[in-house]
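# Remarks on the overall topology
Residues per chain, in single letters:
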Amino acid sequence: MSVKENMLEILEGIDIRFKEPLHSYSYTKVGGEADYLVFPRNRFELARVVKFANQEDIPWMVLGNASNIIVRDGGIRGFVILCDKLNNVSVDGYTIEAEAGANLIETTRIALRHSLTGFEFACGIPGSVGGAVFMNAGAYGGEIAHILQSCKVLTKDGEIETLSAKDLAFGYRHSAIQESGAVVLSAKFALAPGSHQVIKQEMDRLTHLRELKQPLEYPSCGSVFKRPVGHFAGQLISEAGLKGYRVGGVEVSEKHAGFMINVADGTAKDYEDLIESVIEKVKEHSGVTLEREVRILGESK
Ligand SMILES: Cc1cc2nc3c(=O)[nH]c(=O)nc-3n(C[C@H](O)[C@H](O)[C@H](O)COP(=O)(O)OP(=O)(O)OC[C@H]3O[C@@H](n4cnc5c(N)ncnc54)[C@H](O)[C@@H]3O)c2cc1C
């Protein structure tokens, strides 16, 4: 029996697409094919895929909303598990529990509907809950670490564990999941009662700020670089004269130099070359070495 036949038999009933191009799923609109793109409907299906992949020694990885990644043009070998169908969200008192694939922006709107405060900072971050925990996503002074109570994970070996915020060792755009290789299944957020009107005003204010400052009309992966201590990446890039600097179809945004936008059918190679070039030029100009926030995955063509 071929690997594919074996897979179809053991993973029967699970939505698997073969040789699926990833560019249409990714916020940057670049990237080659996944060998097997899987859409588990629940954590049991997800666990079955991980078990099968481990047994067959096939590489696997999970993605949320693909808003903080660049998939290389040669694509990703093995399984890419997309969590967007694991998207239940429930509210219990002042706590929200959301599955990993729940949309973060939608989750902040649910908090608003229940007049719960604490989640406003994330109202414009286009990730999933799982990706946001993995990255300790944050904005405007807030971050996931401030509100996460606990999260359920599937370990690399297929065990389900509950981790506290302390176990996750959060830091700036960092969580322990980045080293452990576990899959976030769901997260519980501790919020506080607030005024619907005040929460809404704050979310509207932050949305307005984003629209004003970020090139949201173009494909991008948000801020490409982490904030260097004592500086702002966008400002350093701008001071190095790199606004509008372009490689192939990807350019440094004129509106926000921390963003790289795909303006003309750019490729992952264009992104990578532009990133390398910007790091070099900023180092030359200011002496600061920029560190990537966006994650680059897969194989070159
Ligand atoms: C226009 C724009 C604005 C943005 N603004 C912000 C901002 O203000 N603040 C900010 O922090 N980020 C921002 N981002 C980046 C991005 O939205 C966040 O990093 C977000 O948390 C990524 O979530 P995701 O689901 O898209 O993750 P993905 O891009 O799908 O994946 C990112 C990483 O997380 C891992 N991952 C995803 N899901 C899971 C899971 N369930 N379990 C384990 N690992 C997982 C993936 O393997 C990958 O390594 C922005 C992006 C864009 C495009």
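What you see is a predicted model, and the numbers here were worked out from it, not measured in a lab.

## Considerations on helix α2 (residues 43-56)
Helix length check: α2, at 14 residues, gives a terminal C-alpha distance of 20 Å against a target of 20 Å (1.5 Å per residue), a fit within 8%. Along α2, the residues that are buried comprise E45, L46, V49, V50, F52 and A53. Projected onto a plane normal to the axis of α2, the buried residues spread over an arc of 165° and lie on a single side. Residues of α2 that are exposed and point over 90 degrees away from its buried face: F44, K51 and Q55. Those residues of α2 that are buried are in contact with α1 (3-10), β2 (33-39), β3 (60-63), β5 (76-82), β11 (148-154) and β13 (183-190). For α2, the N-terminal cap is N42; the gap from its side-chain oxygen to the backbone nitrogen of F44 is 3.1 Å. Taken from the residues just after α2, D57 is the one with a positive phi, measuring 60°.

## A look at the packing of aromatic side chains
Counted according to the given criterion, the structure contains six aromatic pairs. Taken together, a centroid distance of 5.7 Å and an interplanar angle of 85° make the contact between F18 and Y36 edge-to-face. A residue pair is termed long-range when its members are at least 10 positions apart, and F18 in strand β1 (residues 15-21) and Y36 in strand β2 qualify at 18 residues. Its relative accessible area of 26% is what places F18 among the partly exposed residues. Y36 gets classed as buried once you look at its relative accessible area, which sits at 17%. Through pairs of rings, three or more aromatic residues link up here, namely F18, Y36, F52 and F79. Positioned over the ring face of F18 is K4, at 4.4 Å from the centre of the ring.

## Here's the deal with the domain arrangement of the chain
Taken as a whole, the chain is organised into domain 1 (3-82), domain 2 (89-211) and domain 3 (215-297). If you average the C-alpha positions of domain 1 and of domain 3, the two centres end up 28 Å apart. With 14 residues of domain 1 at the interface, the matching set in domain 3 holds 16 residues. For the pair domain 1 and domain 3, the interface holds one salt bridge. The residue R72 makes a salt bridge to E272 at a minimum N-O spacing of 2.9 Å. Between the two partners, domain 1 and domain 3, sit nine residue pairs in polar contact (both at pLDDT 80 or more). Listing elements by their share of the side of domain 1 that touches domain 3, those giving two or more residues are β3 and β4 (69-71). A per-element tally of the side of domain 1 that touches domain 3 places β4 first, with three residues.

## Focus on the nonpolar core
Formed by 30 residues in total, the largest nonpolar core has its most connected members in L104, F119, V129, V133, I144, L148 and F189. At the level of secondary structure, the elements contributing two or more residues to this core comprise β7 (95-99), α3 (104-113), α4 (129-135), α5 (144-147), β11 and β13. When residues no more than four places from it in sequence are discounted, the contact partners of F189 are Y94, T95, I96, F119, V129, I144, I147, L148 and Q149. By size, the runner-up hydrophobic cluster in this structure holds 25 residues, among which are V250, M260, A268 and Y271.

What counts and how
Residues numbered from 1 in each chain as written. Predicted model: local features only at pLDDT ≥ 70, side-chain atom pairs only at ≥ 80, totals over all residues. Heavy atoms only, no water. Helix = DSSP H or I, 4+ residues; strand = E, 2+ residues; numbered from the N terminus. Expected span 1.5 Å × (residues − 1). Buried < 20%, exposed > 50% of the residue type's maximum accessible area, 1.4 Å probe, protein only. Arc of directions from axis to C-beta. Contact = heavy atoms within 4.5 Å. Polar contact = N/O pair within 3.5 Å; in protein donor to acceptor, adjacent residues only side chain to side chain. Phe/Tyr/Trp six-rings, centres within 6.5 Å; stacked < 30°, edge-to-face > 60°. Lys NZ or Arg CZ within 6 Å of the ring centre and 35° of its normal. Domains from an automatic or database assignment. Salt bridge = Lys/Arg side-chain N within 4 Å of Asp/Glu carboxyl O. Core = buried A, V, L, I, M, F, W, Y, C linked by side-chain atoms within 4.5 Å.

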